[in-house]
Amino acid sequence: MTAFIGSPRRGRTLKAVEGFEKKLKQLGEIDFEYIWLKDRDLKSCRGCGICLERGEELCPLKDDRDDLFQRMRQADGVIFATPVYSLQVTALLKNMLDRFSYLFHRPCFFHKTFMPIVVQGVYGMGGVLKYLDEVARFWGFKTCPGLGLTISGQNLPPGEQEKIDQATEKAAARFYRLLNDPADPVPSIKDVLIFRSVRTIHSLAAGLPRDHEYYKERGWFATDYYYPTRLGWLKRLVGAWADRQALKQARKIKSETTGSNKY
Ligand SMILES: Cc1cc2nc3c(=O)[nH]c(=O)nc-3n(C[C@H](O)[C@H](O)[C@H](O)COP(=O)(O)O)c2cc1C
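Residues numbered from 1 in each chain as written. Predicted model: local features only at pLDDT ≥ 70, side-chain atom pairs only at ≥ 80, totals over all residues. Heavy atoms only, no water.

Peer 1: Provide a residue-level description of a nonpolar patch on the surface, including the pertinent values.
Peer 2: There is a patch of nonpolar side chains on the surface, built from Ile189, Trp233, Leu234 and Leu237 and spanning about 430 Å² of accessible area. Top element by residues in the nonpolar patch is helix α10 (residues 233-256). It accounts for three residues. Inspection of the secondary structure puts Trp233 in helix α10. (Patch = residues over 30% accessible without salt bridge, like charges linked within 9 Å, V, L, I, M, F, W, Y side chains within 5 Å. Areas by Shrake-Rupley, 256 points an atom, 1.4 Å probe, with all protein chains shown as cover. Salt bridge = Lys/Arg side-chain N within 4 Å of Asp/Glu carboxyl O. Helix = DSSP H or I, 4+ residues; strand = E, 2+ residues; numbered from the N terminus.)

Set out below in structure tokens:
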């Protein structure tokens, strides 16, 4: 279990994660690792797009990115924890997401469980929880509804700590359940639409070559979804429709490819 902490200080976000760790450990034996983004060397993404186009190993920035990736790769469960800053995640966390942008193209965290922990003063937490959930889904995680806490002022009003403890306990319980559930999530119609459109584009090599290879190696040109799953008739219909639409689009792209800005 690895928690990435996006706060630049040891404040309420850390406290929220420590509370979560305590509740989680009451449910079973779990190793819990903290990664402080503020203490790690993770340079700002320069936007060259080399990771997307030619491969993440060719990123010109040499720092802790690969180590952070390995920490996620090795963990069964991953937490991204952040305070709300200007209605968003902190710059520390956002930079990490940018540096891992190639995972939107080449997802790899299937069968792993993700949960966001977000602390706000007043407003913005809902959007941030939703945002992090969506990022993690794109990267392949099975996602668990996050823990969001509102903590205003220096001192907590009477009864507030109990409410925080209860919300934390519930979040730990749902995370623990999902972590121990061997079943992969059933894809939504939107998930099927995205997978089928993207893979069909790649099957004709009308996208980025690196993505084409990645999809080919995993056999995704011939599967219904990233992993074996039972699709009902509506999802099969939507999938077949998406394949047809994407095929038309891929042919169009191929016929007019100039190769300028492809991602
Ligand atoms: C630069 C900055 C921007 C912030 N923006 C928001 C915001 O948009 N919405 C909000 O509710 N709280 C905002 N806050 C308050 C923090 O989210 C809140 O104090 C949080 O508990 C801080 O977590 P920490 O103790 O881990 O630093 C902001 C705080 C800072 C320092």
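Peer 1: How would you summarise the side chain of Arg65 if you had to cite specific residues and measurements?
Peer 2: Here Arg65 shows up in helix α3 (residues 65-74). Under the relative-accessibility criterion, Arg65 is labelled buried at 5%. Among the polar contacts listed, one links the side chain of Arg65 to the side chain of Asp66, at a separation of 2.9 Å. (Buried < 20%, exposed > 50% of the residue type's maximum accessible area, 1.4 Å probe, protein only. Polar contact = N/O pair within 3.5 Å; in protein donor to acceptor, adjacent residues only side chain to side chain.)

Peer 1: So, the pairing of strand β2 (residues 33-36): which residues are in play, and what are the values?
Peer 2: Here four bridges tie strand β1 (residues 2-5) to β2, and the two strands are oriented parallel to one another. By the bridge assignment for β2, Ile5 is matched with Trp36. The parallel pair β1 and β2, bridged by helix α1 (residues 12-25), forms a crossover whose chirality is right-handed. (Pairing = 2+ DSSP bridges. Right-handed = clockwise from strand over helix to strand, strands pointing away.)

Peer 1: A description of the pairing of strand β6 (residues 147-150) should follow, citing residues and the corresponding values.
Peer 2: Each regular strand displays side chains that alternate between the two surfaces of the sheet. Residues of β6 alternate between two faces, with Leu147 and Leu149 buried on one and Gly148 and Thr150 left unburied on the opposite face. With four bridges connecting them, strand β4 (residues 113-120) and β6 associate as parallel partners. Bridged to Gln120 within β6 is Thr150.

Peer 1: Break down the packing of helix α4 (residues 91-99) against helix α6 (residues 125-138) for me, citing the residues and quoting the values.
Peer 2: In the contact formed by α4 and α6, the axes pass within 12 Å of each other and the chain directions differ by 20 degrees. Of the possible angle classes, the one that applies to α4 and α6 is roughly parallel. α4 and α6 meet at a crossing whose hand is left-handed. Contacts between α4 and α6 involve Leu93, Lys94 and Leu97 from the first element and Tyr131, Leu132 and Val135 from the second. Tallied by class, the residues present in the contact of α4 with α6 amount to five nonpolar, no polar and one charged. (Axes fitted to C-alpha atoms, helices over the stretch in contact; angles between N-to-C directions. Parallel < 35°, antiparallel > 145°, perpendicular 65-115°, else oblique. Left-handed = near helix turned anticlockwise from the far one by under 90°. Contact = heavy atoms within 4.5 Å. Nonpolar A, V, L, I, M, F, W, Y, C, P; charged D, E, K, R; others polar.)

Peer 1: Could you give an account of the packing of aromatic side chains, with specific residues and numbers?
Peer 2: The tally for this structure, following the rule as stated, stands at 25 aromatic pairs. Here Phe104 and Trp139 contribute two aromatic rings whose centre-to-centre distance is 5.9 Å and whose plane-to-plane angle is 80 degrees, an arrangement assigned as edge-to-face. Of this pair, Phe104 sits in helix α5 (residues 102-105) while Trp139 sits in the loop between α6 and β5 (142-143); the two residues are 35 residues apart in sequence, bridging distant segments of the chain. Each ring, one from Tyr225 and one from Tyr227, has its centre 5.1 Å from the other, and the planes form 90 degrees; the classification is edge-to-face. Across the pair, exposure class does not vary: Tyr225 and Tyr227 are buried alike. (Phe/Tyr/Trp six-rings, centres within 6.5 Å; stacked < 30°, edge-to-face > 60°.)

Peer 1: Outline the pattern of salt bridges, supporting the account with residue identities and numerical values.
Peer 2: When charged atoms on two side chains of opposite charge get close, those side chains can pair. This model, assessed by the stated rule, comprises 23 salt bridges. Across the salt bridge formed by Asp39 and Lys38, the nearest N and O atoms sit 3.1 Å from each other. For Asp39, a relative accessible area of 54% gives the class exposed. In this structure, Asp191 engages Arg137 in a salt bridge whose closest nitrogen and oxygen atoms are separated by 3.8 Å. A residue pair is termed long-range when its members are at least 10 positions apart, and Asp191 in helix α8 (residues 189-203) and Arg137 in helix α6 qualify at 54 residues. A single network of salt bridges, built from pairs that share partners, joins Glu33, Arg40, Asp64, Asp67 and Arg71.

Peer 1: Describe α8, naming the residues involved and giving the relevant values.
Peer 2: In this model α8 runs 21 Å from its N-terminal to its C-terminal C-alpha over 15 residues, within 8% of the 21 Å that 1.5 Å per residue would give. All buried positions along α8 are accounted for by Asp191, Val192, Phe195, Arg196, Arg199, Thr200, Ile201 and His202. Buried positions along α8 lie against α6, α9 (209-217) and α10. Of the residues one or two after α8, Ala205 is the one with positive phi, at around 55 degrees. (Expected span 1.5 Å × (residues − 1).)

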